[in-house]
Every structure is written in structure tokens, then in C-alpha cells.
Amino acid sequence: MKSRATIIILFLFSLLISCSQEKEHIVIGVSQCSEDSWRQKLKQELIMTTYFNPGVDLIFTSANDDSELQQRQIDSLVNCGIDLLIVSPNQVDLLSSAVDRAYDKGIPVILFDRKIDSEKYTAFMGADNFQIGKMIGHFMATQLNGKGNVLEIGGLKGSSPASERHEGFIAAMEDYPDINIAGFEHGDWTEESGRLAMNKILLHYDGRIDAVFGGNDRMALGARKALQAAGKDSGDIIYAGVDALPDESGGMRLVSDSLLTVSAIYPTHGDELMLLALDIVNGRKFDKEVFMQSSLVTYDNASVLLLQNEEIIRQSNYLRTMHSLTGRMQDAMELQRVIIILVLVFALCISVFLSFYVRAYRQKQSLSEELQAQVEKVERQRDELEEQRDKLIEMSMTGNSDTEDSAESQNKDSGFILKFRNVVESHLDDPDISVDDISSELCMSRAQLYRKVKAVTGKSPVEVIRHMRLSKADRLLAETSLNISEIAYRVGFSSASYFTKCYRDQFNRLPTDVHR
Ligand code: FRU
């Protein structure tokens, strides 16, 4: 039981480790030796694989058949911090040290299509050029019924496919003693170099020509053009090449148009190359040497292969369109994301601002309530103090000289209260009116007013004024449809909440209980 749990834990742990080894962003440097349609095809295939591997960035360089330039390009790719180098070394000797340098810096290296003479590479992927040369040789010998004169234009001197194709071709010819290899010259993979190489051969060979093997299709075509120009193309010479590209001027079409007799497919397979690269970078298992299949294209199968290729092109175009649509959708989604973030930030700012504003407003309200209560308290205390002071003065100066008869004094009192109430009534809606203002309007001192009001009503002027205000408010609440704030304001309260508090103290109910 225990050991099963351990196994499960170990399994999960190894799963975790293997998951975390996947790199999310991978930069792959692709160092191409030349710029031609074979390399373009490979490039497009590699680019297409990034549609399914969005974390992969490709950096392409092309040396235009210049080995020294390719050395420098490899060094600068290494300096860019690439995670893996794919390289087609122009020439074996001249590129080995640059590839070694990359490898020594810990960068995995995939040699693609061409080789170096060092063991410092992580994997090789390409067709078996020796087998290709051999396959062409046997085909040619069969067509020639085992005898005849053959000329060969080899690929760029010092590049591995050139020597391997040549070696394979010679190996095949060893089985046919009656076939004579009457001439050999190197080209540099271009059509023009094929033409020049053939002219060179013709300088010292003037015999019958039965077949020409070009190291690739372009050189085979150049050789054919040279023979035609020299009037030596009998019409039944066998022309063989390598690559069999399906594009407009590629070998597959040349065979279908009978400009070449045979070509060997030299596969690009950029998709497989990318899978190998990802396996290496992500630490998965991979084969060190990967050989891609080749086969011959002749007049019999060329048109079928071209048709199939058209279908592949259609599918690729469809994929490209899908990819650009997805790209546009991603852009639109990104824009929407930015807009949503902006709206959220804006809404957040507004709500922060509002909460500050509400808090400040509430603070102001409660401060003004406190202030109003304080003012009233201070006024009451002042009145009480003044009353006590006056009483003391009266006691000390006049003694108890209350001579007025009570009926007369009662009349006087009610007249005074009426006047007082009238004055207060006329200022009821003024929150700033003070006892001082009222006493001066009644031509009395504040202390006199206080004493008189207190003596007659038993309440201080402030209390009487507040009582009058609240009574009027009570009437307005019952008789009008004004809201509570408006009523509070009309009877001289600047704060509705303070008004509510005073109203409840006086009437033992809330304004809302009587409000219509
Ligand atoms: C393209 C090319 C092909 C040839 C191959 C050899 O650059 O010249 O025509 O088959 O390279 O590496």
C-alpha cells in the first residue's frame, strides 16, 4: 500500500518536472547558406509551424553562398541569445569552427541538409545524399542499358551534399563497367555555374554524350543550355538533377516539361525540423541522425506529383488565411481588453471620488449640527450668567421694591410677550438671527430681554425661539407638501438632521410621522 503511494507520488513528481521543463518562449536562429527557392520553401514551412507554436520566434540569416559571411552570421545569432541553432553550413571545413563555437556555448545545434567535419552538433537532419547519387546512377545506367558516356557537374566544392552525391553516383557506376564518366566539373549550385562547368568540360571533351548528371536541377538545366548552345544536344541525352521542387521553375515541372529526364526529391520538411528543434529545447528524447526519404521524379509521375502539390499549396493558403484571421481576432480582443481595463479604472476613480465626497459632506453636516448646538448652549449659559449678575446688582442696590400691582404688571407682560413673539415671527426663517438682534429690535438689553422672557414664560429666549420655530414647522408639515429639508430651512434650521433631532425632543415624534 505504502509503496503504491510512493510510486504515485514519484509519478506525479516526474510529471511535474517534465511539465516545468517546457519552455514558453523559444528563439531559434536559422542560418542558411544560400538564398534560393529550395531555401524559401523551407523557410515558409518553418514559419507555418510557428502558427501552432506561438511561443517560438525564428531569426533567419542567409549567407548567399559566402562561407565567411555565414561564420559571422552564426556568431551574431549566438550573441542574440538564441535557444537553438539550425544551420545549413555552406562548406564543411569553413563552417566547422563557427558551429563549434555555438555548440561550446551550450547552444544546441541542428545541422540541416549539409554537414561539418566536427562532432560538435546535437542532431543532423537531411536526406541521404549518397543514396540520392546512387539512385540517380542506377536509373541512368538502366536507361542507358549499361553503356555510354556520362558527364557530371558536381555541386559547390567543399559542401557535403556535393561530395556525397558524387560518391553515391560513382558507387552506382561501379556496377556498370561499360559506362564511362567522360568529364567532371564543379559548379556552385546555380544554373549559371552549371552552364559554365559544361563549357569547361567541352573544352577538352569532344566525344558522344549520352547522359548528364547535375548535382542539382538548376545546374543540370544550365548544362543542358550549354550543350544546346554548342549544338551538342542530340535530343536523346538523359539529363538528371536533384531537388525536384514543385514551383514554376522547379525540377518537378522541368521533368514534366521534358527539359530534364529525372530528378530526385530533396525534401525540406520544415515541420519535422521544428518538431526536432522543440524536442531538443524541451529536453525530450530525439534521434541524433534523422534521414528524410527521397524518390525519383520522372515524366510518368511528375504531373500527378504536381497536382498533389497544388492541393498542398491550396491547404497552405487556407492555413495562412486562417492564421491572419486569428491574428486579427486576437488584435480585436486585445483592444477590447484594454478598453475594459480603462473603463474599470475610470469607474474605480469615480467611486473613490464619490466615497470621499460623501464622507466629506457627512462630516460637514455633523460639524454644523455640533456647532449649532454649541452656539445655543453658549447663549443659554450667557443668559443665565447675565441673569444672575443682574439679580445680584438689583439685590445690592434697591433691595426688594416690587410696588407694581399685579394686574397692571400682567397686562404689561402679555403686551411684551406679544411684541417679542411678533419680532421673532418676522425672523423665523433666518437661521442667523440672534437673541442680541431681537433684544435690540425691542430696544432692550440682552439681559433685560432674558429676564423678562424667563419671568413671563419660564423659558429662555433661545428656548422660546426654538419652540416657535418647531411649532411653525409642525404646522407646515401638516399643511403643506414641502419636504422636510425645505421646512427645516423655512423655520431657520440650516441642518435637516439637527432639525429632526430638535423636533423629536420637543414633540416626542419624528417629522415623518406628521409629514403629508
Ligand atoms: C539549395 C541547394 C539545393 C541543393 C542543396 C544542397 O540551396 O543548392 O539546390 O540540393 O542546396 O545543399
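About the criteria used
- Residues numbered from 1 in each chain as written.
- Predicted model: local features only at pLDDT ≥ 70, side-chain atom pairs only at ≥ 80, totals over all residues.
- Heavy atoms only, no water.
- Helix = DSSP H or I, 4+ residues; strand = E, 2+ residues; numbered from the N terminus.
- Rg over C-alpha atoms; globule rule 2.2 N^0.38 Å.
- Buried < 20%, exposed > 50% of the residue type's maximum accessible area, 1.4 Å probe, protein only.
- Pairing = 2+ DSSP bridges.
- Axes fitted to C-alpha atoms, helices over the stretch in contact; angles between N-to-C directions.
- pLDDT = per-residue confidence, 0-100.
- Contact = heavy atoms within 4.5 Å.
- Near = heavy atom within 4 Å.
- Polar contact = N/O pair within 3.5 Å; in protein donor to acceptor, adjacent residues only side chain to side chain.
- Areas by Shrake-Rupley, 256 points an atom, 1.4 Å probe, with all protein chains shown as cover.
- 1 Å grid on protein atoms, 1.4 Å probe; cavity = no way out; pocket = protein on both sides within 12 Å on 5 of 7 lines; lining within 4 Å.
- Sits in = over half its atoms within 2 Å of the grid points.
- Nonpolar A, V, L, I, M, F, W, Y, C, P; charged D, E, K, R; others polar.
- Patch = residues over 30% accessible without salt bridge, like charges linked within 9 Å, V, L, I, M, F, W, Y side chains within 5 Å.
- Salt bridge = Lys/Arg side-chain N within 4 Å of Asp/Glu carboxyl O.
- Lys, Arg positive; Asp, Glu negative; His and termini not counted.
- Charge placed at Lys NZ, Arg CZ, Asp CG, Glu CD.
- Points joined across faces, edges and corners; volume = space filled by probe spheres on them.
- Expected span 1.5 Å × (residues − 1).
- Arc of directions from axis to C-beta.

Caption draft 1: Focus on the overall build of the protein. The helix and strand inventory of the protein stands at 18 helices and 12 strands. What you see for the protein is a C-alpha radius of gyration of 53 Å, clearly larger than the 24 Å of a compact globule of 516 residues, by over 25%. Overall size of the protein, expressed as C-alpha extent along the three principal axes, is 170 × 55 × 50 Å. Across the 516 residues of the protein, 41% fall into the buried class.

Caption draft 2: Focus on the sheet that holds strand β1 (residues 26-32). Here 6 strands make up an open sheet; going across it, the order is β2-β1-β3-β4-β5-β11 and the pairing parallel. In this open sheet, the two strands that pair with only one neighbour each are β2 (56-62) and β11 (289-292). Recorded for the sheet is a direction-independent mean angle of 15° between the axes of neighbouring strands. Pairing geometry for strand β3 (residues 84-87) and strand β4 (residues 109-112), over 3 bridges, is parallel. Residue pairing for β4: Ile86 is matched across the bridge by Ile110.

Caption draft 3: The confidence of the model for the protein, seen in detail. Across the protein, the average pLDDT comes to 90, with 93% of residues at or above 70. When the criterion is pLDDT under 50, residues 399-404 qualifies, and its contacts beyond four places in sequence or with other chains add up to 2 contacts.

Caption draft 4: Focus on the site of the ligand. Lining the immediate surroundings of the ligand are 13 residues, of which Asp36, Arg39, Asp113, Arg114 and Asp243 lie closest. The separation between an oxygen atom of the ligand and a polar side-chain atom of Asp36 is 2.6 Å. A distance of 2.7 Å is found between an oxygen atom of the ligand and a side-chain nitrogen or oxygen belonging to Asp113. Burial of the ligand by the protein chains amounts to 100% of its free accessible area of 310 Å². One can see that the ligand is located within the largest cavity. Contributions of two or more residues to the shell around the ligand are made by α2 (37-50) and α6 (160-173). Of the residues in the shell around the ligand, the class split is 4 nonpolar, 2 polar and 7 charged.

Caption draft 5: Broad picture of a negative patch on the surface. Together, Asp65, Asp66, Glu68 and Asp188 make up a region of like negative charge exposed at the surface. Inspection of the secondary structure puts Asp66 in the loop between β2 and α3 (67-79).

Caption draft 6: Up close: empty space enclosed by the protein. A full pass over the atoms with the stated rule returns 1 cavity of 30 Å³ or more. One number sums up the size of the largest cavity: a volume of about 130 Å³. Along its surface, the largest cavity is lined by 13 residues, and Arg39, Arg114, Trp189, Arg218 and Asp243 are the ones closest to its centre. Going through the elements one at a time, α2 and α6 are the ones with two or more residues in the lining of the largest cavity. Considering only residue class, the lining of the largest cavity consists of 4 nonpolar, 2 polar and 7 charged.

Caption draft 7: Molecular detail of α3. Here α3 is 13 residues long and its end C-alpha atoms lie 19 Å apart, about the 18 Å a rise of 1.5 Å per residue gives. Those residues of α3 that fall on the buried side of the exposure criterion are Ser67, Gln70, Gln71, Gln73, Ile74, Leu77 and Val78. Buried residues along α3 cover an arc of 165° about the axis, so they all sit on one side. In α3, the exposed positions angled more than 90 degrees off the buried face are occupied by Glu68, Arg72 and Asn79. Tucked into the core, α3 has its buried residues touching β1, β2, β3 and α4 (92-104). Between the side-chain oxygen of the N-cap and the backbone nitrogen of Glu68 there are 3.0 Å, and the N-cap of α3 in question is Asp66.

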